[in-house]
Every structure is written in structure tokens, then in C-alpha cells.
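Structural characterization, general
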Number of protein chains: 2
Amino acid sequence: MKSLNLVGAFFCANFERYQEMKLPQYIQSYFGISDTDVNKVVELFEETTLNKGDYYVKAGHYCNQLSFIQEGFIRVWSETPTKEITQWISTPGYFITDLSSLIFKTTARWNLQALTDCKLYTIKQERYNQINHLVDNWDELEKLFIAKCFLTLEDRVFSQISMTAEERYQQLFELNPGLFNQVPLQYLASMLGMSPETFSRIRAKS
Amino acid sequence: MKSLNLVGAFFCANFERYQEMKLPQYIQSYFGISDTDVNKVVELFEETTLNKGDYYVKAGHYCNQLSFIQEGFIRVWSETPTKEITQWISTPGYFITDLSSLIFKTTARWNLQALTDCKLYTIKQERYNQINHLVDNWDELEKLFIAKCFLTLEDRVFSQISMTAEERYQQLFELNPGLFNQVPLQYLASMLGMSPETFSRIRAKS
DNA sequence: TTTATTTCTTGATATATGTCAAGAGGAACC
DNA sequence: GGTTCCTCTTGACATATATCAAGAAATAAA
């Protein structure tokens, strides 16, 4: 959950220090490719928007796009027989997609739904698949990117099996204080694996 | 936690149905490359062993190898100020390494320690880095492999935030019943995020 | 603004899970 | 075979967290 993060059968990356950056700067700084290559990639994206409540993708459908969040919040969630679980909330600076659907052509594992109006940069699947013809070494860079995402998720498992609810709350607050006044807290509670009431009580103490 | 699994700042893959397979069959079936390519890759591995209690790598050191477990069990764990957390137990059919150390040249995040005497097929880092010159498309195949690992880990986060201790116990038992009579149960408890006593009580009920 | 919804808080209580401690069983070692 | 060590179990109890319910606060809608 440090610099880069990815969660929710989708992947995303977020450097705190890059929150103000736009797509080209982001791609350049993360993948470390030349300006020429950055431009080739950026041209494949187009600006799109999502209104509050809209779904980026619904579980069980196909997800044939990947986006970068410029503004807004997107909640990644899934149903269980008894409740709805929020897996993660993606914030500006993150990439979002349903990774399984995008690269393995399965149906989407998650619901991705806009918590607020969102501005996105979006790339369609066909174009996404062209990148490795345009940029030398792209497969390796992408491998490294996903590996980083893997490591981040691994940390999250570790937090979940080793820390108390209060410690997890504090950790999230340190890593992402902005979330706490921009999205419904019940979703933060869910993604930390605790009830909204427990979350509220921890918050009152802090 | 279905077919393929990876945990612990290391990655691993395990198809139940392949448990009896050896390295060449495994590589061929997972990466789907030609027999010629499989042989090129397999030649880079050498057989090694690890005695019970030995470390494959210690946290804080560098891990410059990747292995496939032919026989034995390897525990992936890490210290916290108050306790020792088992992140995962790798079984025959899994690849093991400290992924961060292997591909980002960081120090290892995890301790990997043999729970039993182990037979491994091991590839050194320099040789591992040669594979993409030997096998066409290797970077992409590796990307897909790591992505699968990512999805598996994502499921694990979901289990951890959405299920009770008993449900997690049952899920692990269904997916990997063999573990329950081959390794100390306290480690299974830890990797499921519960105390050994809770684990024991759930077990007594089942 | 006023109203209607949604979200958050708080108390009372139930339940799940952790901790401590003692002992039992089993495996390893001598 | 006996000892030692490690692991597992079990009971008693403590604590963390969940659940239910009511109301307050905030937000969105009219």
C-alpha cells in the first residue's frame, strides 16, 4: 500500500506525489520510457467521463477498456450472499480495469462504479493490445508494473492477517488521509474488513 | 486460491491436477510453449535440495534464484514486533522466490524456510534473465503468469475481508486438504489470520 | 429553504476470537 | 525405553468486533 497500489481484480497505481500529474507525466514517470514513446501511448487514450452512480463495468460482463482516473472516485465491489464487499476505492492517479477480463477475456470479477462524477483517460482493448508493437520492451515494462501491483497486494494480505482493526484504520489513514473526507466511510470500513460501526468508533477515538 | 496461487512476496503456481508432474511438464502446460522451448528453459534449472529448517532466503538478504518445488514444504513468513506471521506455505508444484528481490533487486521481504527436507529445481538469476532471449514472447508469458498470481492474491484479500475464521478454514480445507496432515497446524492458523487455538476449535467441530 | 435520503454515531448487547495456562499426545533424541 | 521438546487441545476468561436499533447529522432533492 506504499507508493503503488492495485486492488480488486483490477489494477491501479498511485504515487502520492503524482496526484497532480496528468496521464503523460504519469506514464513517463512510471514506465520510464522516452517522450516519443510516451506520446505514442498517450495518443491511444481518449478522454471520457462517468457520472456519479454509473458503472465502469459490471461483474459478469466483459471489460474491454482500461482507464486512468484524472478526477473522481471509483469503488470496486462485489456481492456475497449476505453483504456487499468494497474491495478498494480508486482515486485520481490510479489505473482501473478488470484485469482478468482485460487480459484473459473472462467476464469481470468486480463491479466498478463511480462514487462521484469522474474524468478519465480511456484506452480501448484493441488499442491497448497495440502498445507492444509501438513501444520497445513494453511487455517487460508491463510485467514489472503488474509485479509491483502484486507486491502491494501482498502487503495488504499481510496487514489483514497480522493487524487489528484499529491498526488497519491507522495505516490507511496515514497512506491515504484524503479518502477520509471524500467518500462514504462505510466503504472504507468494508475494504478494511470491519463493520461501519467499528470504523466509526475507532474514528471517534482518533 | 483456485488453480494457481502465489503469495508472500514470492510467487508460486499450483494446479491440483499437476501435483505429480515434473518441471518440464509443468512449464509446458502452464506457459504453453513448444517442446523445444521447454527444453531450453528446463536446461537452465538444476536440481538442488534443502534440509528441514534451512532457509531458502532470509528477509533482508538478497534472493538471486527461483525454484520449483518437486518435494517438500516451504514456509513463507515474516516478523512483526509481537509475533511471527506465516504468509503462505508452498507445496510441490509451486514456484518460489522472493519476487521483489528477484526482479527489483531489493532485499528480500520474506523468510522462506524449509518445513521438511525439500527437492527443488533451481534457476539462478543470471540464467533466469536469459530466458527472454531464448524463448520468443517470454516477457508476455511471464506477464500473464504474474497477472494470474495477482488475481489469486486478490481473491485472498477478498476472503480475508469478507469471511469468518470458520469460512476461511473450510475454504482452505477444500482447496488444499493435503496441507492439513503434512505441516504444523499453527502455521495454517497464522496464514488464515487466526490464533492456533481458534483453528484447533474449528477443527474439532468439523 | 424545506423535505427526503443517505450516512454516521452511539448505546446495549451478542458473538467471535484472542489470551493464558495446563495438560495430553506425539515425534525426535539420547 | 525414557526423556525432551514441540505441537495440539481444552477450559476459563478477557477482549475485540459484530449486530441491532434509535437517533443525529450530513447530503441530496425538491
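To keep things clear, this report deals only with the structure shown in the data block. (Residues numbered from 1 in each chain as written. Chains lettered and ligands numbered in written order. Predicted model: local features only at pLDDT ≥ 70, side-chain atom pairs only at ≥ 80, totals over all residues. Heavy atoms only, no water.)

Topic: the environment of His61(A)
Residues and elements named next belong to chain A. For His61, the location among the structural elements is in the loop between strand S2 (55-57) and strand S3 (65-71). Sequence separation of His61 and Thr107 is 46 residues, and the distance between their C-alpha atoms is 5.1 Å. Excluding its chain neighbours within four sequence positions, the residues that come into contact with His61 are Ser101, Thr107 and Ala108. (Helix = DSSP H or I, 4+ residues; strand = E, 2+ residues; numbered from the N terminus. Contact = heavy atoms within 4.5 Å.)

Focus on the packing of helix H1 (residues 23-31) of chain B against helix H6 (residues 138-162) of chain B
All names here are of chain B. Two numbers describe how H1 lies on H6: the axes approach to 11 Å, and their chain directions differ by 90°. Classified by the interaxial angle, the pair formed by H1 and H6 is roughly perpendicular. Contact residues: Tyr26, Tyr30 and Phe31 in H1; Trp138, Leu141, Glu142, Leu144, Phe145 and Lys148 in H6. The residue makeup of the contact of H1 with H6, split by class, is 7 nonpolar, no polar and 2 charged. (Axes fitted to C-alpha atoms, helices over the stretch in contact; angles between N-to-C directions. Parallel < 35°, antiparallel > 145°, perpendicular 65-115°, else oblique. Nonpolar A, V, L, I, M, F, W, Y, C, P; charged D, E, K, R; others polar.)

Structural notes on the protein's contact with DNA strand D
Of all residues adjacent to DNA strand D, which total 17 residues, the nearest are Thr198(A), Leu185(B), Ser200(B), Arg201(B) and Arg203(B). Near-protein atoms of DNA strand D (within 4 Å) split between backbone and bases, with sugar and phosphate holding 62%. The contact in question runs from a phosphate oxygen of DNA strand D to an N or O atom on the side chain of Ser200(B), over 2.8 Å. Interatomic distance of 2.6 Å between a side-chain N/O atom of Arg201(B) and a base nitrogen of DNA strand D. Counting only elements with at least two residues in the surface near DNA strand D, the list comes to helix H9 (196-205) of chain A together with helix H8 (185-191) and helix H9 (196-205) of chain B. Residue contributions to the surface near DNA strand D peak at 5 residues, all from H9(B). For the surface near DNA strand D, the per-class residue count stands at 5 nonpolar, 6 polar and 6 charged. (Near = heavy atom within 4 Å. Polar contact = N/O pair within 3.5 Å; in protein donor to acceptor, adjacent residues only side chain to side chain.)

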